[in-house]
Amino acid sequence: MADAKVIPFDEERPRRRVAGTRRVRAVPAPAGEAAAEPAVAEPAGAESGGAAWDRRIAGGLAFLRRRVTGDYEVDEFGYDKELTDQVLMSMMRPLFDKYFRVEVKGIENIPAEGGALIVANHSGTLPLDGLMMQVAVHDHHPAQRHLRLLAADLVFMLPVVNELARKAGHTLACSEDAQRLLEAGELVGVMPEGFKGIGKPFGDRYKLQRFGRGGFVSTALRAGTPIVPCSIVGAEEIYPMVGNAKTVARLLGIPYFPITPTFPWLGPLGAVPLPTKWTIQFGEPIATDGYPPEAAEDPMLMFNLTDEVREQIQHTLYKLLVQRRSVFF
């Protein structure tokens, strides 16, 4: 297979066609005849069912041909926009729409363009919450923006998972990469609780763990981008973690080995998440562009902003839990 073409951030991308229309090519009129009226964008719904299927099949074959020949683009982090849009998002969308039935609120708080840092709580034993947040931003934002998640080292040590994560736009959770993405106008997602949040026992659900030393705030200050708090309800109950086999975890070299009511007792069937009802709410953005450049080195300012973000997420979690009538409905 040929290598894909790598493009830098500052290279101008081709302009996308508006969804819901298709191009109609104007044919020059023969000599002596009146020129035809200019072609206009014809609504996609005007196509017959057979024509629509023909177009989809042709598009799928063209996609496969580009993958085989290497005629596609990835950025310097390995992000493959075409593969993400056409394959990876399509794989995650049934979980989002049908299984977890995610309700999205406050999507208007994410800017239509330019960089922004989205900071969310982390939970669920497996990091499905990050993936669902990625679908929420892409499918519900009017600009269909892509969220570039910062992931732990472990993600990039796992075979197959490593390659898929990079193709989906994830990158290593380090301040240098995050700052480059933000300065390039990308949306970046971070979950500062890390393994402390995702691997906490069920009894501590919806209680935020420590947010580290505020490195994400320092990154946002350097890039001058807003911080958007995000609260996710529903992920805590997909794998109720009632125990942690620490000895097994040490042998496998992983942060924890979860014990749930179904895993490992039911084998592979126990790895199926419970169909909880989710809500993802994006809060009011916190501006950082009004601070001087040296503010990124001020530990007290970083502590105060970190605490502000954490408190806003926790307050929203409590509010959503009070409004929730059922875990599953």
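Use the structure listed above.
Residues numbered from 1 in each chain as written. Predicted model: local features only at pLDDT ≥ 70, side-chain atom pairs only at ≥ 80, totals over all residues. Heavy atoms only, no water.

## Considering empty space enclosed by the protein
The method is simple in principle: a probe with the dimensions of a water molecule rolls over the atoms, and the space it marks as empty is what remains.
Next up, step 1: Tallying each qualifying case throughout the model produces two cavities of 30 Å³ or more.
Next up, step 2: Considered as a void within the structure, the largest cavity measures approximately 50 Å³ in volume.
Next up, step 3: Residues that form the lining of the largest cavity fall into these classes: five nonpolar, four polar and two charged.
Next up, step 4: In this structure, the second largest cavity occupies an estimated 40 Å³ of space.
Next up, step 5: Taken together, Pro229, Cys230, Ser231, Gln281, Phe282, Gly283, Gln312, Ile313 and Thr316 form the lining of the second largest cavity.
Next up, step 6: Within the residue set of the lining of the second largest cavity, elements represented by two or more residues are strand E10 (227-233), strand E13 (279-282) and helix H9 (299-323). (1 Å grid on protein atoms, 1.4 Å probe; cavity = no way out; pocket = protein on both sides within 12 Å on 5 of 7 lines; lining within 4 Å. Points joined across faces, edges and corners; volume = space filled by probe spheres on them. Nonpolar A, V, L, I, M, F, W, Y, C, P; charged D, E, K, R; others polar. Helix = DSSP H or I, 4+ residues; strand = E, 2+ residues; numbered from the N terminus.)

## Here we look at the sheet that holds strand E9 (residues 187-190)
Next up, step 1: Read from one edge to the other, the open sheet built from seven strands follows the order E5-E13-E10-E6-E9-E7-E8, with strand pairing classed as mixed. Every other strand in the sheet has two partners, leaving strand E5 (103-105) and strand E8 (171-172) as the edge strands with one partner each.
Next up, step 2: Sheet topology places strand E6 (residues 116-120) next to E9; four bridges connect them, and they run parallel. Looking across to E9, one finds that Ile118 is bridged to Gly189.
Next up, step 3: Taken strand by strand, H9 contacts E5, E6, E10 and E13, and its axis lies near 30 degrees from that of E10. (Pairing = 2+ DSSP bridges. Contact = heavy atoms within 4.5 Å. Axes fitted to C-alpha atoms, helices over the stretch in contact; angles between N-to-C directions.)

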